[in-house]
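# Structural description and commentary
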Amino acid sequence: EDQVTQSPEALRLQEGESSSLNCSYTVSGLRGLFWYRQDPGKGPEFLFTLYSAGEEKEKERLKATLTKKESFLHITAPKPEDSATYLCAVPRSGNTPLVFGKGTRLSVIA
Amino acid sequence: DAGVTQSPTHLIKTRGQQVTLRCSPISGHKSVSWYQQVLGQGPQFIFQYYEKEERGRGNFPDRFSARQFPNYSSELNVNALLLGDSALYLCASSLVWTDTQYFGPGTRLTVL
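Read on for a plain summary of the structure. (Residues numbered from 1 in each chain as written. Chains lettered and ligands numbered in written order. Predicted model: local features only at pLDDT ≥ 70, side-chain atom pairs only at ≥ 80, totals over all residues. Heavy atoms only, no water.)

### Remarks on the sheet that holds strand β6 (residues 56-59) of chain A
All names here are of chain A.
- Taking strand neighbours across the sheet as the criterion, the five strands line up as β1-β3-β8-β7-β6 in an open arrangement whose pairing is antiparallel. Lying at the two open borders of the sheet, with one neighbouring strand each, are β1 (3-7) and β6. Each adjacent strand pair in this sheet contributes to an overall mean axis angle of 15°, direction not counted.
- Sheet analysis places β1 next to strand β3 (residues 19-26), joined by five bridges and oriented antiparallel. Residue pairing across strands places Q6 opposite C23, the latter belonging to β3. (Pairing = 2+ DSSP bridges. Helix = DSSP H or I, 4+ residues; strand = E, 2+ residues; numbered from the N terminus. Axes fitted to C-alpha atoms, helices over the stretch in contact; angles between N-to-C directions.)

Structure (C-alpha cells):
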C-alpha cells in the first residue's frame, strides 16, 4: 500500500532558526514527489515537484531535496510568515491522484 | 489569471440531507480532482475526472458522486449526509490528468 509519512508532526522555531522537515514514502515507481503549503482553512498551495533522487529545488527560504526513500524540506532563516502546515504527496501507484502525508505544522516565533 | 474557484465557501447541513459542491478549474485545465480533508489529516482522494470521464475513484461510499461538464467545471454530490462528512472539500485542477494539481480554496461543510 502506498504510504507517505511526515515528521515531525509539529515544529516550533524561533525566527532565523533553520531546520528540516522529513517526508518518507513507500510507492513503487515514483512518478514525482510534491510539496504543498497550507494555511489554516485554505487550500494547499503548490511549492515544488521533484522527480529523481538527487534533485533539488529552491524557492526563497525553502529548499526541497529527494532521495530514493525520502524528501526533505529545508527552511533557512525562517520568518513568522513561513508558519503553515507543509504537506508532502506522491501519485498513487498506477494512477495519478495524490496520496498525502498528514503534514508538519510549522510555527515560527518572532 | 484566475485560479481554481469553489462554491460555496461554507455550508451547514443536517444529517440525511444532500449537498452539491461546485468547482471551476484554471482556464485550459481539463482535469479536476476532489479531495476530502478532515482536521489534522492530509487530503484524501475522492474522484478524478479528465475530459468528462471518471479516471479514478477513492475509497468513499456510493453516497459520493461527481461529474464534469463540457466546460470542464465539476460538481461533487453527497447524499444522506452523516456527521462524519464534516470536512474541508478541496477541488484541484491540472492541465492533463498526469500533471501537477493546483488546489482551490475549498468548501467547508459542517453536518449537524
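### Comments concerning the sheet that holds strand β7 (residues 64-68) of chain B
Residues and elements named next belong to chain B.
- Across the sheet, which stays open at both edges, the four strands sit in the order β1-β3-β8-β7 with antiparallel pairing between neighbours. In this open sheet, the two strands that pair with only one neighbour each are β1 (5-7) and β7. Here the average twist between neighbouring strands, direction ignored, is 15°.
- Sheet topology places β7 next to strand β8 (residues 74-78); five bridges connect them, and they run antiparallel. Bridge pairing links A66 to L76 in β8.

### Some details on the environment of L11 of chain B
All names here are of chain B.
- Position of L11 among the secondary structure elements: in strand β2 (residues 10-13).
- Along the sequence, L11 and Y35 sit 24 residues apart, while their C-alpha atoms lie 16 Å from each other.
- Aside from chain neighbours lying at most four places away, what touches L11 is V19, L21, R108, L109 and T110. (Contact = heavy atoms within 4.5 Å.)

### A short note on the pattern of salt bridges
Residue and element names in this part refer to chain B.
- Inspection of the entire model under this criterion finds 10 salt bridges over all chains.
- With its nearest N and O atoms 3.3 Å apart, the salt bridge here joins R67 to E75.
- Overall, the relative accessible area of 11% leaves E75 in the buried class.
- Through salt bridges with shared partners, a single ionic network connects R22, R67 and E75. (Salt bridge = Lys/Arg side-chain N within 4 Å of Asp/Glu carboxyl O. Buried < 20%, exposed > 50% of the residue type's maximum accessible area, 1.4 Å probe, protein only.)

### Some words on the interface of chain A and chain B
- Chain A puts 18 residues into the contact, and the matching count from chain B is 20 residues.
- Carbon and sulfur atoms supply 57% of the area that chain A and chain B bury against each other, a total of about 1,500 Å² over both sides.
- Summed over the shared surface of chain A and chain B, the result is zero salt bridges.
- The tally of links between chain A and chain B comes to four residue pairs in polar contact (both at pLDDT 80 or more).
- Residue assignment for the side of chain A that touches chain B shows that the elements contributing at least two residues are β4 (33-38), β5 (45-50) and β10 (98-100) of chain A. (Buried area = accessible area lost by both parts, 1.4 Å probe. Polar contact = N/O pair within 3.5 Å; in protein donor to acceptor, adjacent residues only side chain to side chain.)

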